[in-house]
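Structural characterization, general
So the chains spell out like this:
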Amino acid sequence: MASLSRALRVAAARPRRSPCPRLELRPLAGAAGPTAEKSVPYQRTLKDAQDPTAGPPGPSRPLPGTANVVVIGGGSLGCQTLYHLAKLGVSGAVLLERERLTSGTTWHTAGLLWQLRPSDVEVELLAHTRRVVSHDLEAETGLHTGWVQNGGLFIASNRQRLDEYKRLMSLGKAYGVEAHVLSPAETKALYPLMNVDDLYGTLYVPHDGTMDPAGTCSALSRAATARGAQVIENCPVTGIRVRTDDFGVRRVVAVETEHGSIQTPCVVNCAGVWAGTVGRMAGVRVPLVAMHHAYVVTERIEGIQNMPNVRDHDASVYLRLQGDALSVGGYEANPIFWDEVSDTFAFGLFELDWDVFAQHVDGAVHRVPVLEKTGIKSTVCGPESFTPDHKPLMGEAPELRGFFLGCGFNSAGMMLGGGCGQELAHWIIHGRPEKDMYGYDIRRFHHSLTSHGRWVRERSHESYAKNYSVVFPHDEPLAGRNMRRDPLHEVLLGQGCVFQERHGWERPGWFNRQGAAPVLEYDFYGAYGAAAHEDYAYRRLLAAEYTFSFPAHHDVIKRECLACRGAAAVFDMSYFGKFYLVGLDAKKAADWLFSADVNRPPGSTVYTCMLNHRGGTESDLTVSRLAPGPPVPALAPAFEGDGYYLAVGGAVAQHNWSHITTVLQDRRFRCQLIDSSEDLGMVSIQGPASRAILQEVLDADLSDEAFPFSTHRLARAAGHLVRAMRLSFVGELGWELHVPRASCVPVYQAVMAAGAKFGLVNAGYRAIDSLSIEKGYRHWHTDLRPDDSPLEAGLAFTCKLKSPIPFLGREALERQRAAGVPRRLVCFTVDEKVPMFGPGGHLEGRPRGGPRPQGPTLGSPLTGPSPTATSGTPAAGRSRWTSVRSGSYALERMGVSHAARAHLKSPFDPRQQAAEGGVY
């Protein structure tokens, strides 16, 4: 057999293909399509030997006429979802597999399970998978899943990587995941075959391990069928039948197959690489791509037995223990796309392209030198599905009620399958998952992106290529940029704006004084024959921010913050979602949707939340009551009945739109939701000088008596009609100007001209993050999540609990209030000058918070709100939180504890004196 080193030499000597024009994808090496089955590192699969002369087999059992849920796809996610549906009591659930269980991508997966990831939710998902495969399934079925607990070892060959691993260790402590940072000498003692000469250290997680895909799926299917579920193999799906109801809503009706149809109100697309095909049957966009993903299996290695699995991220390689051998794989910069996904592919593999794979060999040989002379027993190159942000696609599709996604797992379907299968089952049964799954929810993508082939392709490539990169707090993608640009984009770019990408929008991050730094067309990092950008200012600015210390431009952003506190700052917030809710039942809808009472006189603006039925917070937003009258282009639509103007965070606009739409459909309210996000810009002026500046621009009296806090009105700004709102999101006096798109530039220029003598500056979202966190304001999903209630978040004032008006989530809040709120979101400060990026704090509760390292006015590092638990049940009032305020706390950062102070109120201006009334 060839050794790894010989394979590398052969690949290096092979003539290179010419660069691909227009970045077209490379053909398969040595074959035009999938090859015959290769040897894989498992003693068995679920494939049966079949007579090659026999015709196609029929379904493994008769199809039922109806089913409560139909799961499409018999891989890891399909089997886990079926198992958890059955375990949660769903009767009549059916899984349809076009060939045999695991036949698509699951059968050839490496089956690794690493317990630590940068997200606290993912740590919980992985923990559940581990429980299922290491204990639950064998206890229920008597079948062994092939679980092997040999541990995991993460390699740090530079200081930043070791810092990242220390953060993971701190996160793991909060969830009971045992982890240890080892020195090079300790690593060598644990793994004698490893070269440790260039190591800074390693992270050892002793309870990591591997599972056998065939054994796991076999046990899952047996456990599910024992509870009444059905698994039907050899039954390809040919269509999804849909009907449009009397209210114009598309709903799933049935699944069609070659052997009959099944009536069902719910379909779960767990088809992996083929999920896009299944989605098209139903008119649903599934933003994923298929790529080749490979590993090789070595011959026997003396002394490798019982060694932990290894991830050397900097070498882009993993080493999986396979009995007395190793499986070697990784993520390359030039993966091969599988554009023509075959509908008949099953238990097949591609010919390995050594030109692509060879880049992993050097790293593997360097880390475990014995591999240089070790033979290769087999190669495994199969298809996997990858998504634009390297996160799975889950939840109900916005386009079709009853059509759920559970796909796009980026080669991590086995390790995430248990946790995600459980959450998907909860989603189907209860209308939402138990945990905060927004990061996986298909609604995190704007609909204009999911249907954009170039964006999906570019972002999926970059996510694949950067899978092993250090996860820094201020990273930004380079792929799929400039998809949505607001009217001020070019003006701000010329003033040094460094943009962030959110929801496809280019939004201001901060302002660089060294000149323009445009985001250029994606260069695929030089892959596929593309010329990498050589002089790329934007990339250099990003690279300077790649640190776990205070970022390079920390002082620049601090100056923006202090200018806002001392004088005024102008923020371009045009990327915000801007919706109108109008119609005959708009008032009924507003009463039910919003936790606060928004039915105040026209001209009022109310900060409110939207909740789910468990009382969790699905959104926070402002709702402005509109007066009836003639329509005004972009600023006031024509409507009968009542009207409201909604302003929501742009990064979560699609989530808000989908949530509202779902509620309107379920309650059958007669009203319209109109999206004007592209028609309106938003310029916000915040700071003590904002009134004086705007008084020179607006034709309205801005005094407290004439223009109170939380009100809005139409006014003219430099001759242009705008909607002005008096609001603050940073704790200072301030106004928002909601401006028709064509008027944005002249209005902005008028504001800047008027503000010149007052010290008005441009500022971006990095400043907003720092200003808002020291004021104690919540950012939805970063600080405030769907599993947090307003009572826990200190937002009880947004809930109309003193009124008799029913609203979504009210009953859950009343139960929680009666039982006693068990935890509270609390902000922490530390006196030491160390950046407290979250997650990473170790508290009784869940570490939380985004990349907002310091309060610019306080001068103290902060961490985002973390849920902190209390014990005991006080008679009434807030006495339960006295112990929180007076308690002793420490936050752990990279393994080092720092004394911290808890704040139930805003650390900055807790009495709201500077703000003259903030957003809260």
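See the structure shown above.
Below you will find a few notes about this structure. (Residues numbered from 1 in each chain as written. Predicted model: local features only at pLDDT ≥ 70, side-chain atom pairs only at ≥ 80, totals over all residues. Heavy atoms only, no water.)

Moving on, we get to the overall build of the protein. Along the protein, the regular secondary structure elements total 22 helices and 36 strands. For the protein, buried positions account for 63% of its 920 residues. In the protein, 74% of the contacts between residues at least 6 apart in sequence involve partners at least 24 apart. When the accessible surface of the protein is totalled, it reaches about 32,900 Å², and 51% of it is carbon and sulfur. (Helix = DSSP H or I, 4+ residues; strand = E, 2+ residues; numbered from the N terminus. Buried < 20%, exposed > 50% of the residue type's maximum accessible area, 1.4 Å probe, protein only. Contact = heavy atoms within 4.5 Å. Areas by Shrake-Rupley, 256 points an atom, 1.4 Å probe, with all protein chains shown as cover.)

For the coordinates displayed, the defined rule picks out 28 aromatic pairs. Centroid distance F571 to F729: 5.7 Å. Interplanar angle 75 degrees. Geometry classified as edge-to-face. Of this pair, F571 sits in strand 22 (residues 569–572) while F729 sits in the loop between strand 30 (720–726) and strand 31 (734–740); the two residues are 158 residues apart in sequence, bridging distant segments of the chain. Accessibility classification places F571 together with F729 in one group, the buried group. Judged by centre distance (5.2 Å) and plane angle (75 degrees), the rings of F579 and W657 are edge-to-face. Here W657 lies in helix 17 (residues 653–667) and F579 lies in strand 23 (residues 577–583), a separation of 78 residues in the sequence. The exposure class of F579 is buried, given its relative accessible area of 1%. An aromatic cluster of three or more residues is present, and its members are F337, Y522, F524, Y525 and Y528. (Phe/Tyr/Trp six-rings, centres within 6.5 Å; stacked < 30°, edge-to-face > 60°.)

The next point concerns the sheet that holds strand 14 (residues 309–312). Strand order in the open sheet formed by 8 strands is 5-6-4-14-15-16-13-17, with mixed pairing between adjacent strands. Two strands bound the open sheet, and with one partner strand each, they are strand 5 (180–182) and strand 17 (376–386). Taking the axes of each pair of neighbouring strands and ignoring which way they run, one obtains an average angle of 20 degrees across the sheet. Pairing of strand 4 (residues 152–156) with strand 6 (residues 201–205), which is carried by 5 bridges, proceeds in the antiparallel orientation. Paired with L153 across the bridge in strand 6 is Y204. Of the strands in this sheet, strand 4, strand 14, strand 15 (317–322) and strand 16 (325–329) are in contact with helix 9 (residues 359–367), which crosses strand 15 at around 60 degrees. (Pairing = 2+ DSSP bridges. Axes fitted to C-alpha atoms, helices over the stretch in contact; angles between N-to-C directions.)

A general tendency of soluble globular proteins is for nonpolar side chains to be buried together. Membership of the largest hydrophobic core comes to 174 residues, with the highest contact counts inside it found for F403 and F571. At 8 residues, the largest contribution of residues to this core is made by helix 10 (residues 413–430). Once residues within four sequence positions are removed from consideration, F571 is found in contact with C564, M682, V683, S684, Q686, F729, A763, G764, A767, I768 and L771. Judged by nonpolar contacts, the second largest core, of 34 residues, contains I685, L698, A700 and F707. (Core = buried A, V, L, I, M, F, W, Y, C linked by side-chain atoms within 4.5 Å.)

This next bit is on the sheet that holds strand 23. In a beta sheet, neighbouring strands are held together by backbone hydrogen bonds and run either parallel or antiparallel to one another. Spatially, the 5 strands line up as an open sheet ordered 24-25-26-23-27, and their pairing is antiparallel. If you trace the sheet from one side to the other, it starts and ends with strand 24 (605–611) and strand 27 (672–675), each paired once. Direction aside, neighbouring strands of the sheet carry axes that sit 30 degrees apart on average. As defined by bridge partners, strand 25 (residues 617–625) adjoins strand 26 (residues 642–648) across 5 bridges and the pair is classed as antiparallel. The partner of L621 across the bridge, within strand 26, is V648. The sheet strands contacting helix 16 (residues 586–593) are strand 23, strand 24 and strand 26, and the helix crosses strand 23 at an angle near 130 degrees. Packed onto the sheet, helix 17 meets strand 23, strand 24, strand 25, strand 26 and strand 27 and runs at close to 165 degrees relative to strand 27.

Let's shift gears to the pairing of strand 11 (residues 260–263). As judged from the 4 bridges shared by strand 10 (residues 250–257) and strand 11, these two strands associate in the antiparallel manner. When the bridges of strand 11 are listed, E256 appears paired with S261. Count of turn residues in the strand 10/strand 11 antiparallel hairpin: 2 residues.

Bringing the pairing of strand 14 into the picture now. Where burial is concerned, the two faces of strand 14 agree: the one with N309 and R311 and the one with V310 and D312 are both buried. Where strand 4 lies against strand 14, 3 bridges are found, and the strand directions are parallel. When the sheet's bridge partners are listed, G152 is paired in strand 14 with N309. Where strand 14 lies against strand 15, 3 bridges are found, and the strand directions are antiparallel. Within strand 15, the residue paired with R311 across the bridge is Y318. Taken together, strand 14 and the strand that follows it, strand 15, pair antiparallel across an intervening segment of 4 residues, in which S316 is found at a positive phi of about 55 degrees.

Moving on, we come to the environment of G111. Here G111 lies in the loop between strand 2 (93–96) and strand 3 (112–113). The buried category is assigned to G111, whose relative accessible area is 2%. Through-space distance from the C-alpha of G111 to that of A412 is 8.3 Å; in sequence the pair is 301 residues apart.

A word on unusual backbone geometry. Phi angles above zero are rare outside glycine, and S316 is one such case at about 55 degrees. Taking the relative accessible area as the measure of exposure, S316 reaches 16% and is therefore buried.

One can find S463 in helix 12 (residues 453–465). Classification of S463 by relative accessible area gives buried; the value is 14%. Discounting chain neighbours no more than four positions away, the residues touching S463 are T387, P388, D389 and H390.

So, about the side chain of H293. Relative to the assigned elements, H293 resides in strand 13 (residues 289–298). What makes H293 buried here is its relative accessible area of 9%. For H293, the side chain forms a polar contact with the side chain of Y464, separated by 3.0 Å. Setting aside residues no more than four positions away along its own chain, H293 makes contact with G330, Y331, V380, C381, G382, E384, F386, S411 and Y464. (Polar contact = N/O pair within 3.5 Å; in protein donor to acceptor, adjacent residues only side chain to side chain.)

Here we come to the pattern of salt bridges. Per the counting criterion, the structure on display carries 47 salt bridges. A salt bridge links R565 to E732; the nearest nitrogen and oxygen atoms lie 3.1 Å apart. Of this pair, R565 sits in helix 15 (residues 554–566) while E732 is found in the loop between strand 30 and strand 31, placing the two residues 167 residues apart along the sequence. For R565, a relative accessible area of 11% corresponds to the buried category. When the shortest N-O distance is used, the salt bridge between E814 and R810 registers 2.9 Å. With a gap of 4 residues between them, E814 and R810 both fall in helix 21 (residues 810–819), about one helical turn apart. (Salt bridge = Lys/Arg side-chain N within 4 Å of Asp/Glu carboxyl O.)

Turning our attention to the packing of helix 16 against helix 17. To characterise two packed helices, one gives the angle between the axes of the helices and the distance between these axes. One can describe the packing of helix 16 onto helix 17 by two numbers: an axis separation of 11 Å at closest approach and a directional angle of 115 degrees. As helix 16 packs across helix 17, the resulting crossing turns out to be right-handed. Contacts between helix 16 and helix 17 involve A589, W592 and L593 from the first element and I660, V663, L664 and R667 from the second. Its residues placed into classes, the contact of helix 16 with helix 17 shows 6 nonpolar, no polar and 1 charged. (Left-handed = near helix turned anticlockwise from the far one by under 90°. Nonpolar A, V, L, I, M, F, W, Y, C, P; charged D, E, K, R; others polar.)

Before going further, it helps to examine helix 14 (residues 537–544). Among the residues of helix 14, Y538, L541 and L542 are the ones counted as buried. Each buried residue of helix 14 sits inside an arc of 100 degrees when the element is viewed along its axis, so together they form one side. Looking at the packing, one finds that the buried side of helix 14 touches strand 20 (497–502) and strand 21 (505–511). (Arc of directions from axis to C-beta.)

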